[in-house]
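Residue-level structural notes
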Amino acid sequence: MIEMEEFRMKVLVLGGVAAGTKVAAKLMREDRSNEVIVLNKGENISYAGCGLPYYVGHVIEDKGQLIVNTPEKYEKLTGVKVYTGTEAVAVKPDEKKVVAKDVKTGEETVYEYDKLVIAVGASPAKPPIEGVDLKNVFFVRTPEDAINIRNLVDTGEVKKAVVVGAGYIGLEIAENLKAQGIRPFVLDMVPQILAPGFDKEMADYVEGKLVEAGIPVVTGVQVTGIEGDGKVKKVLTSKKAYKADMVVMSAGIRPNTAFLADSGIEMVKGTILTDAFGQTNIPDIYAAGDCAMVYNAITGKAAWSPMGSTANIAGRIIAQNIMGKGLEYRGVLGTAVCKLPGLNVGRTGLTEAQAKEEGFEPVSVVTVVDDKAHYYAGASIFIIKMIADKETLRLLGVQVIGSGAVDKVVDIAVTGMMMKATLTDLADMDLAYAPPFSTAIHPFEHTLNVLMNKIQGHFETFTPAQYAAGEAEGYRIVDGCLEPSIEGAPYVELTEVDGPIEGLDPEEKLLLVCNKGKRAYLLQNRLKFYGYKHTKVLEAGITFNDVEVE
């Protein structure tokens with residue numbers, strides 16, 4: 001038994017990666033008379049889990065860069081005691097004790113606490129299929145995982161790889177394997193990539209770009225087994241088999257909370273429920289990181305946000321609450337950003353589908369806008385989907401695709417949503433502008449203006465999702481591009497329209513399509529003036545949509 005010493009407060013932290021080390025360090029900064037002990041199952045603490053794919057791809061060369069702090073360095077920096085190779089196996093709230101074992105010897109030790117923080121994280125989901133333990137089948141969670149993958153990649157023996165899981169980490173791994181000359185196939189059992197953070201039409205666009213970049217993606221397929229003679233040779237699925245020299249499993253994670261089964265701590269699907277202060281249903285026990293629930297800042301409902309950013313924010317707040325400050329965590333928006341071949345993707349808030357499920361009346365728009373002054377070297381585009389509630393105009397979500405800094409659009413949206421802002425609140429903001437950085441009307445503001453035009457009835461459209469669902473059936477496609485681009489469609493040059501157009505009936509249903517959507521909007525504006533009553537614009541034009549005249 002380790003006896004209590006003369007400290008102001010004894011805080012025991014289970015887990016030492018993101019949330020755990022943040023809680024512990026902040027507690028000591030708040031008051032160095034605290035005794036803070038971190039128990040960590042692994043030998044490494046405070047490592048950069050989000051950087052693992054980039055070590056595989058040699059973007060990060062030195063494996064030492066993956067370790068933010070060694071236990072020794074961390075102890076000297078913070079004054080926190082760290083015991084690695086020590087796994088918590090039981091929590092006894094009535095006695096305020098934790099039983100932990102040495103992972104090498106199995107020897108058990110009992111630790112007392114005044115306050116307990118559970119930050120044990122999560123582990124990769126291991127599917128119950130034959131062959132998952134074969135050689136050259138990897139998971140991606142720790143620095144050791146990334147080191148082992150890269151060691152194999154660097155041998156030159158791997159020509160084909162299967163990545164199971166089309167989420168952020170899976171796609172980042174696929175990108176980095178491709179950069180090393182390996183042909184990756186990405187498989188996922190759900191119907192789209194990047195689920196559930198992106199609406200399907202946005203995910204489908206990204207999937208198409210991945211295929212163009214040499215990363216085939218197969219969705220709606222279940223992995224049923226892995227075959228090989230000692231090491232992997234083939235991945236079996238519900239559709240077909242894929243040859244592979246290596247398999248990387250990235251099909252989700254599960255909280256490391258099995259040891260809490262008899263503790264009385266309330267959980268949902270193994271994830272610890274906490275209140276806005278980070279506290280569990282049991283006094284003096286807190287939880288943070290990938291093993292714990294937080295709250296969605298829009299809906300107020302419990303939400304799982306297994307992100308390093310969430311872990312650090314929650315950890316910092318919990319440390320201050322342990323010291324009596326009573327701070328509430330306002331919640332998460334599911335914010336994420338991801339680098340892929342030739343493009344970046346970012347998102348925050350609710351998708352359109354999620355907004356409908358939550359009882360909002362969402363209205364959305366998809367725009368194709370310049371990411372900086374079009375004449376500046378390196379200028380490209382953003383594809384932005386913005387979602388708001390039709391009645392209140394409250395901003396609900398944003399999804400962005402582009403080769404540039406998509407995160408700046410996402411972060412503006414986050415700021416607005418955390419303030420519960422409406423589109424009106426966010427209009428006319430004095431955002432940074434210079435040709436190397438942005439456009440005179442910022443891409444975020446540009447999209448907001450388009451959405452407001454749509455809500456006010458000035459811009460009548462079919463969204464890409466509506467068009468893909470066949471809602472434009474019966475409309476005649478009119479090509480309004482910079483130059484004729486849609487075979488079989490009548491072409492209209494915007495600048496020459498100064499009255500009714502020969503061959504186009506003002507009573508006819510017309511779908512106006514251009515390269516990005518802007519010229520079609522301008523054309524719609526003119527046609528309305530000249531008596532055309534039934535025009536619609538295809539949002540995002542042929543840049544985003546596949547348009548064919550039947």
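Residues numbered from 1 in each chain as written. Predicted model: local features only at pLDDT ≥ 70, side-chain atom pairs only at ≥ 80, totals over all residues. Heavy atoms only, no water.

1. A look at helix H6 (residues 200-212)
- With 13 residues, H6 should reach 18 Å at 1.5 Å per residue; the first-to-last C-alpha distance of 18 Å fits that figure.
- Of the positions making up H6, those classed as buried are Glu201, Met202, Ala203, Tyr205, Val206, Glu207 and Leu210.
- Gly214 sits one or two positions beyond H6 and adopts a positive phi of about 85°. (Helix = DSSP H or I, 4+ residues; strand = E, 2+ residues; numbered from the N terminus. Expected span 1.5 Å × (residues − 1). Buried < 20%, exposed > 50% of the residue type's maximum accessible area, 1.4 Å probe, protein only.)

2. With respect to a negative patch on the surface
- A cluster of acidic residues, Glu473, Asp546, Glu548 and Glu550, forms a negative patch on the protein surface.
- By secondary structure assignment, the location of Glu550 is in the segment after helix H14 (541-544). (Patch = residues over 30% accessible without salt bridge, like charges linked within 9 Å, V, L, I, M, F, W, Y side chains within 5 Å. Areas by Shrake-Rupley, 256 points an atom, 1.4 Å probe, with all protein chains shown as cover. Salt bridge = Lys/Arg side-chain N within 4 Å of Asp/Glu carboxyl O. Lys, Arg positive; Asp, Glu negative; His and termini not counted. Charge placed at Lys NZ, Arg CZ, Asp CG, Glu CD.)

3. Thoughts on the nonpolar core
- If you look at the biggest cluster of nonpolar residues, it comprises 49 residues, and the most contacted ones within it are Met386, Leu395, Val398, Val400, Leu423, Phe444 and Leu512.
- Counting residues per element, the ones that place at least two in this core are strand S27 (362-370), strand S28 (381-389), strand S29 (395-402), helix H9 (406-418), helix H10 (423-426), helix H11 (443-455), strand S32 (510-513) and helix H13 (518-529).
- It is H9 that provides the largest number of residues to this core, a total of eight residues.
- Not counting the four nearest positions on each side in its chain, Val400 is found in contact with Phe198, Asn344, Val345, Gly346, Phe382, Ile383, Ile384, Val406, Val409 and Val410.
- Listed in part, the 43 residues of the second largest apolar core include Ile173, Ile182, Leu340 and Val368. (Core = buried A, V, L, I, M, F, W, Y, C linked by side-chain atoms within 4.5 Å. Contact = heavy atoms within 4.5 Å.)

4. Points about the side chain of Asn136
- Along the chain, the position of Asn136 falls in the loop between strand S10 (122-124) and strand S11 (137-139).
- A polar contact of 3.4 Å, which involves the side chain of Asn136, links it to the backbone oxygen of Asp245.
- With residues near it in sequence (within four places) discarded, Asn136 still touches Leu152, Lys231, Val232, Asp245, Met246 and Val247. (Polar contact = N/O pair within 3.5 Å; in protein donor to acceptor, adjacent residues only side chain to side chain.)

5. A few points about the side chain of Glu539
- With respect to the helices and strands, Glu539 occurs in the loop between strand S33 (535-538) and H14.
- Within polar-contact distance, the side chain of Glu539 engages the side chain of Thr461 at 2.6 Å.
- Leave out the neighbours within four places in its chain, and Glu539 touches Ser364, Val365, Val366, Lys454, Thr461, Phe462, Thr463, Pro464 and Asn545.

6. Here we look at the pattern of salt bridges
- All chains considered together, the criterion is met by 27 salt bridges.
- For the salt bridge of Asp199 with Lys385, the shortest nitrogen-to-oxygen distance reads 3.0 Å. Remark: Lys385 occurs in strand S28 and Asp199 occurs in the loop between strand S13 (183-188) and H6; sequence separation between them is 186 residues. Note on accessibility: Asp199 and Lys385 belong to one class, buried.
- The partner of Arg519 in a salt bridge is Glu493, and the shortest N-O contact between them spans 3.0 Å. Here the residue Arg519 occupies a position in helix H13, and Glu493 occupies one in the loop between strand S31 (476-479) and S32, the gap between them amounting to 26 residues. There is no split in this pair, since Arg519 and Glu493 are both buried.
- Where salt bridges share partners, they join Asp199, Glu201, Glu352 and Lys385 into one cluster.

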